[in-house]
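# Structure at a glance
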Amino acid sequence: MQLNDKTPIVAIATAAGRGAIGVVRLSVPVHHTDAMLSTLFPGILLEPRHAHLLDVTDVKGALLDRAIVLYFPAPASYTGETVLEIQAHGGPMLLRLILRSVLEKLAFIGIRIAEPGEFTKRAFLNGRIDLAQAEAVSGLIDAVSEASAQAAARSLSGDFSRRIHAVGSLLDEARALTEAQLDFPEEELDDLMADEIVQRMETAAGRIDELLKTARKGAVLAEGLTVALVGAPNVGKSSLLNALAGEEVAIVTDIAGTTRDRIEHWTAFNGVPLRIVDTAGLRDTTDVVESKGIERSLQALKEADIVLALSDASGQVADDADALKRVEETVRCGTPVLHIANKCDLASDGVLNELQSRGAIAISAKNGEGLEDLKSRVLDLADMAGGTEEVFLARERHLECLRQAGVHIRRALEIADSGFGMMEFLAEELRLAGRSLGEILGETDAEGLLDIIFSRFCIGK
Ligand code: GDP
Ligand code: ZN
């Protein structure tokens with residue numbers, strides 16, 4: 001994908017498969033507008049942003065469908081170019097025929113099929129939205145829970161971007177004051193000016209910390225939390241998955257070694273999307289398939305954000321300790337491990353007390369006891385317990401940029417703290433902090449970054 005590619009593009013913008021309505025969308029540079037309109041709908045004057053019911057024909061003039069056609073002249077369109085939307089009946093064959101007809105009829109202006117995310121990429125390149133907003137478009141499409149959809153909508157509205165801008169302005173001001181001082185090196189920085197600079201930097205640093213906190217939550221809403229269920233065979237991992245999923249996702253038997261491969265299921269706790277991974281029970285085995293499964297369990301452990309280590313409180317499963325030891329050995333350092341004592345419906349009070357005193361959460365996957373407690377502990381661990389009303393969608397990329405900005409501001413503050421000895425360096429740190437923030441909004445020309453971001457989109461967006 002080239003940055004300044006101005007080739008006219010077309011794509012089926014609605015989901016694959018049958019539907020009541022399907023949309024074929026075109027975006028063409030403004031100078032091709034007349035050629036496009038007079039070729040596709042000869043003799044018809046399209047009024048901007050009005051619905052027109054028109055015949056859509058193939059290249060030989062045969063009728064394909066009667067469709068609603070919407071015309072958005074540049075620059076007030078999604079992409080900033082001239083956009084045309086043909087809303088036809090939603091059959092996959094019909095939409096392909098319309099797409100082909102457009103490609104054939106407009107071959108003379110060089111039209112081609114759009115790449116994934118290319119409409120949104122043009123919107124970004126033409127300054128209709130910034131990069132964080134563009135990413136929110138895919139977040140909205142991919143949202144797996146109500147809370148993540150709302151967070152994406154907040155980002156798309158520019159809420160997140162405005163806050164980034166506000167911090168950026170503080171940094172710009174601090175830098176302007178610093179640089180003004182640089183022009184008079186023989187004069188000493190007066191206290192009032194020093195205060196002005198420090199105050200702005202401190203406010204900016206505080207806001208970045210806040211943004212980072214919210215963005216971390218936003219990243220969880222966007223990507224979901226991965227929770228791995230591990231433990232010896234038969235402790236009730238698959239039963240717990242089913243209980244949390246509210247349906248029979250995994251096969252439950254009392255034969256140890258039933259779950260031989262990892263099973264994943266998406267669910268949500270309080271609007272927070274969760275990917276729950278059930279794994280093969282950890283034990284020594286000579287079965288080839290089962291040991292492959294165990295290998296994958298250990299892999300799932302490494303990828304997990306939170307690990308639920310199950311043990312059996314009923315005393316039916318003996319080799320618990322061994323499995324739990326393997327869990328501790330495998331998890332990434334820093335990954336929280338919650339100890340779960342399952343089958344509390346069968347457990348004696350003595351055993352339960354003993355397990356709970358060691359910090360385990362007593363549950364019964366069978367009758368649902370303790371599951372609410374378990375859910376809130378998981379949300380607590382992910383720092384998601386406080387609700388998600390103010391959260392905007394964020395990506396790991398945003399977190400990294402915010403962290404970088406924070407590092408540079410702290411360095412600038414250190415320089416100020418040590419008596420403003422190196423004003424050039426201070427100004428430079430402020431510039432770098434501002435640049436890290438700008439990267440979030442796409443105020444850099446890193447083409448590789450854009451390709452990575454937009455290739456994650458579906459075609460037609
Ligand atoms: P896994 O091998 O760890 O996935 O264990 P399963 O979920 O397949 O369960 C093993 C056996 O324990 C099955 O017979 C389940 O019905 C039973 N089981 C699981 N959880 C509970 C529980 O909370 N209470 C009781 N009484 N039985 C359970
Ligand atoms: Zn299982």
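Residues numbered from 1 in each chain as written. Chains lettered and ligands numbered in written order. Predicted model: local features only at pLDDT ≥ 70, side-chain atom pairs only at ≥ 80, totals over all residues.

By the naming in an unreviewed UniProt entry, the chain is tRNA modification GTPase MnmE, taken from Sutterella seckii. In its Subunit (unreviewed entry) section, the UniProt record describing the chain reads: "Homodimer. Heterotetramer of two MnmE and two MnmG subunits." Comment text from UniProt for the chain, heading Subcellular location (unreviewed entry), reads "Cytoplasm". (UniProt positions renumbered as here; feature names shortened; annotations may be inferred.)

Time to look at the environment of Gly-90. For Gly-90, the position within the fold is in strand β5 (residues 82–90). By the C-beta count within 10 Å, which is 17 here, Gly-90 ends up partly exposed. Measuring from C-alpha to C-alpha, the distance between Gly-90 and Arg-18 comes to 5.6 Å, with 72 residues separating the pair along the chain. Once residues lying within four places of it in the same chain are set aside, the contact partners of Gly-90 are Thr-14, Arg-18, Gly-19, Ala-20, Ile-21 and Gly-22. (Helix = DSSP H or I, 4+ residues; strand = E, 2+ residues; numbered from the N terminus. Buried ≥ 20, exposed ≤ 12 C-beta atoms within 10 Å, placed from the backbone. Contact = placed C-beta atoms within 7 Å.)

On to helix α5 (residues 146–156). Buried within α5 are the following residues: Ala-147, Ser-148, Ala-151, Ala-152, Ser-155 and Leu-156. As for α5, its buried residues are in contact with α4 (131–142), α6 (159–182), α7 (191–223) and β9 (272–278). Taken from the residues just after α5, Gly-158 is the one with a positive phi, measuring 95°.

A few words now on the packing of α6 against helix α14 (residues 423–441). Relative orientation of the contacting elements α6 and α14 amounts to 160°, with a least axis distance of 9 Å. In this view, α6 runs roughly antiparallel relative to α14, as classed from their interaxial angle. Seen from above, α6 lies across α14 with left-handed handedness. Of the residues in α14, those touching α6 at Ser-161, Ile-164, Val-167, Gly-168, Leu-171, Asp-172, Ala-174, Arg-175, Thr-178, Glu-179, Gln-181 and Leu-182 are Met-423, Glu-424, Leu-426, Ala-427, Leu-430, Arg-431, Ala-433, Gly-434, Leu-437, Gly-438, Ile-440 and Leu-441. Among the residues forming the contact of α6 with α14, the class breakdown is 13 nonpolar, six polar and five charged. (Axes fitted to C-alpha atoms, helices over the stretch in contact; angles between N-to-C directions. Parallel < 35°, antiparallel > 145°, perpendicular 65-115°, else oblique. Left-handed = near helix turned anticlockwise from the far one by under 90°. Nonpolar A, V, L, I, M, F, W, Y, C, P; charged D, E, K, R; others polar.)

Further remarks concern the site of ligand 1. Gly-236, Lys-237, Ser-238, Ser-239 and Lys-366 are the nearest of the 20 residues found near ligand 1. Element by element, the count of residues in the shell around ligand 1 is highest for helix α8 (residues 237–245), at three residues. When its residues are assigned to classes, the shell around ligand 1 shows five nonpolar, ten polar and five charged. (Near = placed C-beta within 6 Å.)

As a further point, take the sheet that holds strand β2 (residues 19–28). Strand order in the open sheet formed by six strands is β3-β4-β5-β2-β1-β6, and the pairing between neighbours is mixed. The open sheet has two edge strands with one neighbour each: β3 (52–57) and β6 (112–113). Relative to β5, strand β4 (residues 63–72) runs antiparallel, the two being bridged by five bridges. What sits directly across from Phe-72, in β5, is Val-83. (Pairing = 2+ DSSP bridges.)

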